[in-house]
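Listed below are the residues making up each chain.
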Amino acid sequence: MRDVILRSIVLLVAVTMLANITTNTSHAVIEDNPLLAKWEGPYGGVPPFDRVQIPLFKPALEAAMAEQLAEIQRIANDAAPPDFENTIVALERSGASLDRVTTLYGVWGATMSGPDYQAVQREMAPRLAAFNDQITQNEALFKRIEAVYNSTAKAKLNPEQQRLAWVYYTNFVRAGARLSPEAKTHLSQINQQLAGLFTKFSQNVLAEETDQFIVLKSEEELSGLPQSVRDAAAAAAETKKQPGTWVIMNTRSSIDPFLSYSDRRDLREKAWRMFVNRGDNGGEHDNNAIITQILQLRAERAKLLGFPTHAHWRLENAMAKTPEKAMELMEAVWKPSVARVHEEVADMQALADKEGAKIKIEPWDYRYYMEKVRKAKYDLDQNEIKPYLQLEKLREGIFWVAGELFNFNFTPVTNVPVAHPDIRVWEVTDKTTQKHIGLWYFDPYARAGKRSGAWMNAYRTQERVNGEVTTIVSNNANFVKGKPGEPVLISWDDATTMFHEFGHALHGLSSNVTYPTLSGTSVPRDYVEFPSQLLEHWLSTPEVLQKFALHYQTGKPIPQAIVDKIKRSATFNQGFATVEYLSAALIDMKLHLAGDKKIDPDAFERETLAQLGMPKEIVMRHRTPQFLHVFSSDGYSAGYYSYLWSDVLTADAFGAFVEGKGPYDRAVAERLRKNIFSVGNTVDPAEAYRAFRGRDPKVDALMKKRGFATKS
Ligand SMILES: [Zn+2]
């Protein structure tokens, strides 16, 4: 499962504003603030990353909120009777300055953070939340939206316009536009409290990921680690000022390889405990009390809005529509995946016994013995694949795939500013017409202040409300930068993630809509991972492997024998991967179905997992105290199931290519572009899928992809 797609903070503040904005900042400062300026330069303007300074954020955010508030007042108090143009389209045009500022603010938060930034974030998060409420709670504004939505003139609008009116109306109602004034005030207080708690939660996890690490001091302690892991640990030791040692950081990209290869069982246990206890160590960075408060506030808010639970509120406008539907899918997949885990553990235990290890498989042994079983069963060593997976070659590979599927061409450009010298930019054009399509920023390397994981971010979405505006997107990752001139080699999993994030980027770049609110990746949460997960399938196509999986020394393509082994082992370890993910998704949903019960997160997690029959050899992919998807914003709350939901679509959709002429079938690719990648949220996802596939998705393809038995 890949990381959250970051749709910049813009999304959080999409329909928003701030009460009692007091901009004491002098006028001169505001006028000079480059973060507020219209983007200049080529391609319809580009983000001024070279002009960002942390002290500029607060005055820029304040001024931009004030500006949008004034725009909202004008729309709400318009003397003319409400119509689509003077209300909905006017709203689409509002908030341009704030969009620009929050894009930069979001990029800094995710990739250039530090104590100064975090202080601004702590102050501004509740104010941005209050600002949002000030817009959605504007009585006069909602009356106008409601009038447009209910008017007979709506029938004359085109389908995209009708959907936009529906989206505005629904979003406002869902945000409490119909509540009494007292209830609105109460709701806004809840939202501001939540924003503060979300910020604290994330900063606590970041602190434990930064402050805790394991120092290895001897060859003996490095036993089993391949050279790439040693190199990364040596580089980490430098950043942690531990010269002459090797450092295992408290992040997934550092811990997972260590658990996979370290022969030292005692150190594996130590590393595993450090990682799974992030946010759960007592003391100032403990997240348990924060979680209890977040859950109570969410339950209270759901009640206020007329929903039985937070999960019901969140899923109402998702593709799944109800928590019951999402639970049904999760439960159907849970049993066969647990059964598979027991088989996997039996294989590992047998191997450990044969080696005379005299151990019982524990969670810190899983990845280690998994690699041994992979080797024994499929004669496949992950380190055997790595020399063929060069970061830059794979980047060329994803460009090539985009050319084959969507007729895109990528050309490097150096005429735009970037936030850090490691970031590179490409212009995307149509291969045939040379028409400009957008920009793709690539920020591949880990650095201090950058959040872990990989994600896509939209800096500017495609639209044509005032003439054509083109897409600007970025892909971000945390690869360890190689020595100058040396290629960066990545794992098969990391290569899959690259294709995944690029799938999100293509979703943004393919957008062909009129209104920004409906553009690109602005689709329901349980649908957004579908295009990205689909792209993962192209990594293992023979075309990509032969052209781009080239040995970093010989330049020769990956041998067919290894490719065959990769194929044969495709469903290997799916029990672990599915249970690790699904246990987290089930806990997320159950926490948000529990209503206003006061929850002790540790006890809830323990008891629920016991009831589910969680295999004791596995831990949740994200334990509750570090579950950023769920507690760093409302984003994926009661929504972590989305990856599985989307994967049902993904597996089923790839079947359309298999049933056709294969992964590069132009006709199927065109249907995909036309019905899925280009439409954004202008069409109901279920209908869009039907238009592409000719029927509703079936779960069989997913079960087959993961190697689970199905009844039929
Ligand atoms: Zn994703």
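So, here is what we can say about the structure in this document. What you see is a predicted model, and the numbers here were worked out from it, not measured in a lab. Sequence order as written defines the numbering, with residues in each chain counted from 1. Residue-level local features of this predicted model are given only where pLDDT is at least 70; pairs of side-chain atoms are given and counted only at 80 or more, and the full residue set underlies all totals for whole chains, interfaces and linings. As a convention, hydrogens and water are excluded, and side-chain values are obtained from all of the structure's heavy atoms.

## Some remarks on the overall build of the chain
Strands are runs of DSSP state E lasting at least 2 residues, helices are runs of H or I lasting at least 4, and numbering of each runs from the N terminus. Helix and strand content of the chain: 28 helices and 7 strands. Relative to the compact-globule value of 27 Å for 712 residues, the chain shows a C-alpha radius of gyration of 25 Å, a close match. In terms of principal-axis extent, the alpha carbons of the chain reach across some 85 × 60 × 55 Å. Here the term buried applies to any residue with accessible area under 20% of the maximum for its type, exposed to any over 50%, and partly exposed to those in between, with areas from a 1.4 Å probe on protein chains only. Counting all 712 residues of the chain, 60% fall into the buried class. The long-range share in the chain, meaning contacts at least 24 apart out of those at least 6 apart in sequence, stands at 76%. With the model as given, the accessible surface of the chain reaches about 28800 Å², and the carbon-plus-sulfur share is 53%. Only four residue types enter the charge count: Lys and Arg as positive, Asp and Glu as negative, with His and the chain ends excluded. The atoms used to mark charge sites are NZ of Lys, CZ of Arg, CG of Asp and CD of Glu. On the chain, the mean spot of the 85 positive side-chain charges and the mean spot of the 87 negative ones are 3 Å from each other. Within these notes, the globule rule equals 2.2 Å times the number of residues to the 0.38 power, and the radius of gyration is based on C-alpha atoms. The criterion used for residue contact is that any of the two residues' heavy atoms lie within 4.5 Å. To measure how exposed things are, a 1.4 Å probe is used in the Shrake-Rupley method; for residues, cover is taken only from the protein chains shown.

## As for the coordination of the zinc ion
Angles at a metal have ideal values that depend on geometry: 109.5 degrees with four tetrahedral donors, 90 or 180 degrees with six octahedral donors. Each protein donor to the zinc ion is listed here as H500 (NE2), H504 (NE2) and E529 (OE); together their distances run 2.0 to 2.1 Å. In primary sequence terms, the donor set of the zinc ion follows H-x3-H-x24-E. Highlighted residues: H500 in helix 18 (residues 492-509) and E529 in helix 19 (residues 525-535), separated in sequence by 29 residues. Both residues of the pair, H500 and E529, count as buried. Donor criterion used throughout: N, O or S atom within 2.8 Å of the metal, extended to 3.2 Å for Na, K and Ca. Water excluded; incomplete-looking sites may result.

## Points about the pattern of salt bridges
When a carboxyl oxygen of Asp or Glu is within 4 Å of a side-chain nitrogen of Lys or Arg, the pair counts as a salt bridge. This model, assessed by the stated rule, comprises 48 salt bridges. With a closest N to O distance of 3.0 Å, K372 and E355 form a salt bridge. Of the two residues, K372 sits in helix 15 (residues 366-378) while E355 sits in the loop between helix 14 (323-354) and helix 15, which places them 17 residues apart along the sequence. Residue K372 is classed as partly exposed on the basis of its relative accessible area of 27%.

## Let's talk about the packing of helix 14 against helix 25 (residues 642-659)
Note on geometry: axes are C-alpha line fits, over the in-contact stretch for helices, and angles between N-to-C directions span 0 to 180 degrees. Two numbers describe how helix 14 lies on helix 25: the axes approach to 10 Å, and their chain directions differ by 75 degrees. Of the possible angle classes, the one that applies to helix 14 and helix 25 is roughly perpendicular. Contacts between helix 14 and helix 25 involve K325, A326, L329, M330 and V333 from the first element and L644, W645 and V648 from the second. As a working rule, the residues Ala, Val, Leu, Ile, Met, Phe, Trp, Tyr, Cys and Pro are called nonpolar, Asp, Glu, Lys and Arg charged, and the rest polar, with Gly in that last group. Tallied by class, residues from the contact of helix 14 with helix 25 come to 7 nonpolar, no polar and 1 charged. Each angle receives one of four descriptions, namely roughly parallel if under 35 degrees, roughly antiparallel if over 145, roughly perpendicular if within 65 to 115, and oblique otherwise.

## What to know about the sheet that holds strand 4 (residues 424-430)
Hydrogen bonds along the backbone pair up the strands of a sheet, which may run parallel or antiparallel. The strand order across the open sheet formed by 5 strands is 3-4-5-7-6, and the pairing between neighbours is mixed. A strand with exactly one partner marks an edge of an open sheet, and here the two such strands are strand 3 (408-413) and strand 6 (455-460). Sheet twist, expressed as the average angle between the axes of neighbouring strands with direction ignored, equals 25 degrees. Taken strand by strand, helix 18 contacts strand 3, strand 4, strand 5 (436-445), strand 6 and strand 7 (471-479), and its axis lies near 170 degrees from that of strand 7. Here, any two strands with at least 2 DSSP bridges between them count as paired.

## Focus: the packing of helix 2 (residues 54-76) against helix 6 (residues 139-150)
Where helix 2 meets helix 6, the closest approach of the two axes is 8 Å, and the angle between their N-to-C directions is 55 degrees. If you check the angle between helix 2 and helix 6, you find them oblique. By crossing handedness, the relation of helix 2 to helix 6 is classed as left-handed. Contact residues: helix 2 offers I72, I75 and A76, while helix 6 offers A140, L141 and R144. When its residues are assigned to classes, the contact of helix 2 with helix 6 shows 5 nonpolar, no polar and 1 charged. Crossing handedness follows the turn of the near helix against the far one: under a right angle anticlockwise gives a left-handed crossing, and clockwise gives a right-handed one.

Without other data, these values stay purely geometric and don't point to any function.
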